Amino acid sequence: MPQSVELKLNGTMIELPVIEGTEHEMALDISKLRAKTKFITLDPGYVNTGSCKSAITFIDGDKGILRYRGIPIEQLAESSTFVEVAYLLIHGELPRPKQLTGFSQRLTWASMIHEDMKTFFSGYPAGAHPMAILSSMMGSLSAYYSGDDDYKNPKQMDLVIARAIAKIRTIAAFSFNKSRGLPFVYPEADLPYCANLLNMFFHKPTRPYHIDPEAVRLMNQLLILHADHEQNCSTSTVRLVGSSEANLYAAISAGICALWGRLHGGANQAVIEMLQRIHKDGGGVQKYIDMAKDKNSDFRLMGFGHRVYKNFDPRATIIKKACRRYLEHVGADDDPLLNIAIKLEDAALADDYFAERKLYPNVDFYSGIIYRAMKIPTNMFTVMFAIGRTPGWIAHWKEMIEAPEFRIGRPRQIYTGPVERDYVPISER
Ligand code: SDX
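(A) Highlighting the overall build of the chain. In terms of regular secondary structure, the chain is built from 18 helices and 6 strands. What you see for the chain is a C-alpha radius of gyration of 23 Å, in line with the 22 Å of a compact globule of 429 residues. Expressed as a percentage of its 429 residues, the buried residues of the chain come to 48%. Considering only contacts within the chain whose residues lie at least 6 apart along the sequence, 70% involve residues at least 24 apart. Approximately 21900 Å² of the chain is accessible, and the part contributed by carbon and sulfur atoms is 53%.

(B) Up close: the packing of helix H8 (residues 193–202) against helix H9 (residues 213–225). One way to put it is that H8 packs onto H9 with a least axis distance of 9 Å and a crossing angle of 110°. Relative to H9, the element H8 is oriented roughly perpendicular. Residues Tyr-193, Cys-194, Ala-195, Leu-197 and Leu-198 of H8 pack against Ala-215, Val-216, Met-219, Asn-220 and Leu-223 of H9. Residue composition of the contact of H8 with H9, grouped by class: 9 nonpolar, 1 polar and no charged.

(C) Expanded view of the environment of Arg-300. Tracing the backbone shows Arg-300 in the loop between helix H13 (286–293) and helix H14 (314–329). Each C-alpha atom, one on Arg-300 and one on Asn-199, is 36 Å from the other, the two residues being 101 residues apart in sequence.

(D) Spatial organisation of the environment of Gln-286. Here Gln-286 shows up in helix H13. Between the C-alpha atom of Gln-286 and that of Phe-365, which follows or precedes it by 79 residues, the distance is 17 Å.

(E) Examining the site of the ligand more closely. Around the ligand sit 24 residues in total, of which His-229, Arg-300, His-306, Arg-307 and Arg-315 are the nearest. One of the backbone N or O atoms of Leu-301 is found 2.8 Å from a nitrogen atom in the ligand. For the ligand, whose accessible area on its own is 1000 Å², the fraction buried by protein is 76%. Partitioned by chemical class, the residues of the shell around the ligand number 9 nonpolar, 7 polar and 8 charged.

(F) Spotlight on the packing of helix H3 (residues 82–91) against helix H18 (residues 381–401). It is the contact of H3 with H18, at a shortest axis distance of 8 Å, that shows an interaxial angle of 15°. By the angle between their directions, the pair H3 and H18 is classed as roughly parallel. In this structure, H3 crosses over H18, and the sense of that crossing is right-handed. Listed contacts from H18 to Phe-82, Ala-86, Leu-89 and Ile-90 of H3 are Ile-387, Gly-388, Pro-391, Gly-392, Ile-394, Ala-395 and Lys-398. The residue makeup of the contact of H3 with H18, split by class, is 8 nonpolar, 2 polar and 1 charged.

(G) Inspection of the sheet that holds strand S2 (residues 12–20) at higher detail. In spatial order, the strands read S1-S2-S3; together these 3 strands make up an open sheet with antiparallel pairing. This sheet does not close on itself; its edge strands, each paired only once, are strand S1 (4–9) and strand S3 (26–28). Taken pair by pair, the neighbouring strands of this sheet meet at an average axis angle of 30°, ignoring direction. As paired elements, S1 and S2 share 6 bridges and run antiparallel to each other.

(H) Representation of the side chain of Asp-212 in the model. On the secondary structure map, Asp-212 appears in the loop between H8 and H9. One buried charged residue, Asp-212, forms no salt bridge at all, with the nearest opposite charge on Arg-217 at 8.6 Å. Beyond its immediate sequence surroundings of up to four residues, Asp-212 is in contact with Tyr-326 and His-329.

(I) Representation of the pairing of strand S5 (residues 65–68) in the model. Of the two faces of S5, the one holding Leu-66 and Tyr-68 is buried and the one holding Ile-65 and Arg-67 is not buried anywhere. Direction of pairing for strand S4 (residues 57–60) relative to S5: antiparallel, over a ladder of 4 bridges. Of the residues in S5, the one forming a bridge with Ile-59 is Leu-66. Joining the antiparallel neighbours S4 and S5 is a turn of 4 residues, in which Gly-64 adopts a positive phi near 65°. Pairing of S5 with strand S6 (residues 71–72), which is carried by 2 bridges, proceeds in the antiparallel orientation. For Tyr-68, the partnering residue across the bridge sits in S6 and is Ile-71.

(J) Broad picture of the packing of aromatic side chains. In this structure the tally under the stated criterion is 19 aromatic pairs. Between Phe-82 and Tyr-193, the ring centres sit 5.3 Å apart and the planes meet at 55°, which makes this aromatic pair tilted. One end of the pair, Phe-82, is in helix H3; the other, Tyr-193, is in helix H8, with 111 residues separating them in the sequence. The burial state of Phe-82 is the same as that of Tyr-193; both residues are buried. Members of the aromatic cluster, connected to one another through ring pairs, are Phe-304, Tyr-353, Phe-354, Phe-365 and Tyr-366. Positioned above the aromatic ring of Tyr-193, the side-chain terminus of Arg-169 is 4.3 Å from the ring centre. A cation sits over an aromatic face here: Arg-180 above Phe-176, 3.6 Å from the ring centre.

(K) A positive patch on the surface, seen in detail. A surface patch of positive charge is lined by Arg-34, Lys-38, Arg-410 and Arg-412. Relative to the elements of secondary structure, Arg-412 occurs in the segment after H18. Owing to a relative accessible area of 53%, Arg-412 belongs among the exposed residues under this scheme.

(L) Representation of the pattern of salt bridges. Here the structure, examined in full by the defined rule, presents 13 salt bridges. A salt bridge links Asp-281 to Lys-287, with the shortest nitrogen-to-oxygen separation between them at 2.6 Å. The exposure class assigned to Asp-281 is partly exposed, which follows from its relative accessible area of 38%. A residue is classified by how much of its surface remains accessible, and Lys-287, at 46% relative accessible area, is partly exposed. Here Lys-320 ties to Glu-345 by a salt bridge, and the two come within 3.1 Å at their closest N and O atoms. Here Glu-345 lies in helix H15 (residues 336–349) and Lys-320 lies in helix H14, a separation of 25 residues in the sequence. Residue classification places Lys-320 among the partly exposed positions, given a relative accessible area of 22%. Salt bridges sharing partners connect three or more residues here, namely Glu-214, Arg-217 and Arg-325.

What counts and what doesn't
- Residues numbered from 1 in each chain as written.
- Predicted model: local features only at pLDDT ≥ 70, side-chain atom pairs only at ≥ 80, totals over all residues.
- Heavy atoms only, no water.
- Helix = DSSP H or I, 4+ residues; strand = E, 2+ residues; numbered from the N terminus.
- Rg over C-alpha atoms; globule rule 2.2 N^0.38 Å.
- Buried < 20%, exposed > 50% of the residue type's maximum accessible area, 1.4 Å probe, protein only.
- Contact = heavy atoms within 4.5 Å.
- Areas by Shrake-Rupley, 256 points an atom, 1.4 Å probe, with all protein chains shown as cover.
- Axes fitted to C-alpha atoms, helices over the stretch in contact; angles between N-to-C directions.
- Parallel < 35°, antiparallel > 145°, perpendicular 65-115°, else oblique.
- Nonpolar A, V, L, I, M, F, W, Y, C, P; charged D, E, K, R; others polar.
- Near = heavy atom within 4 Å.
- Polar contact = N/O pair within 3.5 Å; in protein donor to acceptor, adjacent residues only side chain to side chain.
- Left-handed = near helix turned anticlockwise from the far one by under 90°.
- Pairing = 2+ DSSP bridges.
- Lys, Arg positive; Asp, Glu negative; His and termini not counted.
- Salt bridge = Lys/Arg side-chain N within 4 Å of Asp/Glu carboxyl O.
- Phe/Tyr/Trp six-rings, centres within 6.5 Å; stacked < 30°, edge-to-face > 60°.
- Lys NZ or Arg CZ within 6 Å of the ring centre and 35° of its normal.
- Patch = residues over 30% accessible without salt bridge, like charges linked within 9 Å, V, L, I, M, F, W, Y side chains within 5 Å.
- Charge placed at Lys NZ, Arg CZ, Asp CG, Glu CD.

Written out as structure tokens, the structure reads:
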């Protein structure tokens, strides 16, 4: 591959360096383009534009490959735990036993929220979406831990990372308890992360929660599968907010808001609502396949398609298998929504419209069916996605602020508004 390419603009010839990644992805370095030519590039949706170099996650969308720090997602989903994967994403290597014990301990110690924060929940209306609560409370952590931004101090960095990962789970659990009029269930020191999450969700004073090892294994797998996905919309949001040197809690709060959209993390909730609509409509899928293809309809097949994957999303393949296994485990394998989802997938994959556009099921297509079987309500699905994605957001934020080329993100634009004109007093308008 050449070290650079030549670009001729208005008679000026300039050289653009070529950058090659470790997986042989290629980029043109245009960082000097405007200074040398006065030109900028334009790329709505950043379809062709890289925002950074990163060593965290690799995706090959054509081959359906996803690796965290070089380790295939299939191996991590099968053999690791969410806490171990969080450490891998953030620190770059799988933790040695002492490192894992120390990280787990920090998560346990940091898992309480300030008692005053409990009053936040009574300020929300009963039907408040938990993503609204989660984003505002994560941002509000900076009001309680204002001294947390000495990120150059390794101990302080470890502490703020533990606080973010531990407290997002507690805030999520408390908002779930509040939505059902149930008492808050505190984290327990001797429970690992995912068992603690399930216990905080489902334990009741009158009926203690039986920690089902299969549910714990599955929750670890789901959070691992959602933990990172390179420069997706919410991670790019966390990077951009963090690039102004806003604190980590503020950057995560912004990431939660970006994830909420139905085109992104909100799709898992939209998939279940779509499947329920089809079920209510008799369960036939062809009508909805036709609507998804109809440009005059705003209906989209939620949980289908992806900006990067033009092959199966490897996470969807793993989740579909886990879905069948868990529904059998809980005796819900006759869930009509699962059958509709499978029919919908088969019909779409057999249809030229989807095949030509390389639209396959993504991570959100089957995840909601599992959460439903775990008795997690639909409006909590994207909250589960946010809990899983927090280590990925942190890993990218940390990589960015520690990069030698760190600077505030500030894209350019091409102005298309009115040219210069005078102010007109209101009496003359
Ligand atoms: C996530 O980026 C990430 O990595 C995200 C994520 C992560 O882990 O962070 O993987 C998580 O957000 C997964 C995606 C969840 N969203 C959905 O399931 C919503 C439904 N899917 C889409 O709206 C869409 O596929 C996107 C948003 C996912 C991707 O949008 P793009 O890349 O901008 O693609 P596009 O909208 O330009 O679509 C290209 C063509 C269009 O048709 P034509 O104009 O070429 O005729 O494909 C069509 C689209 O109309 N199309 C769909 C479709 N998705 C794309 N048609 C019907 N149903 C769909 N779902």
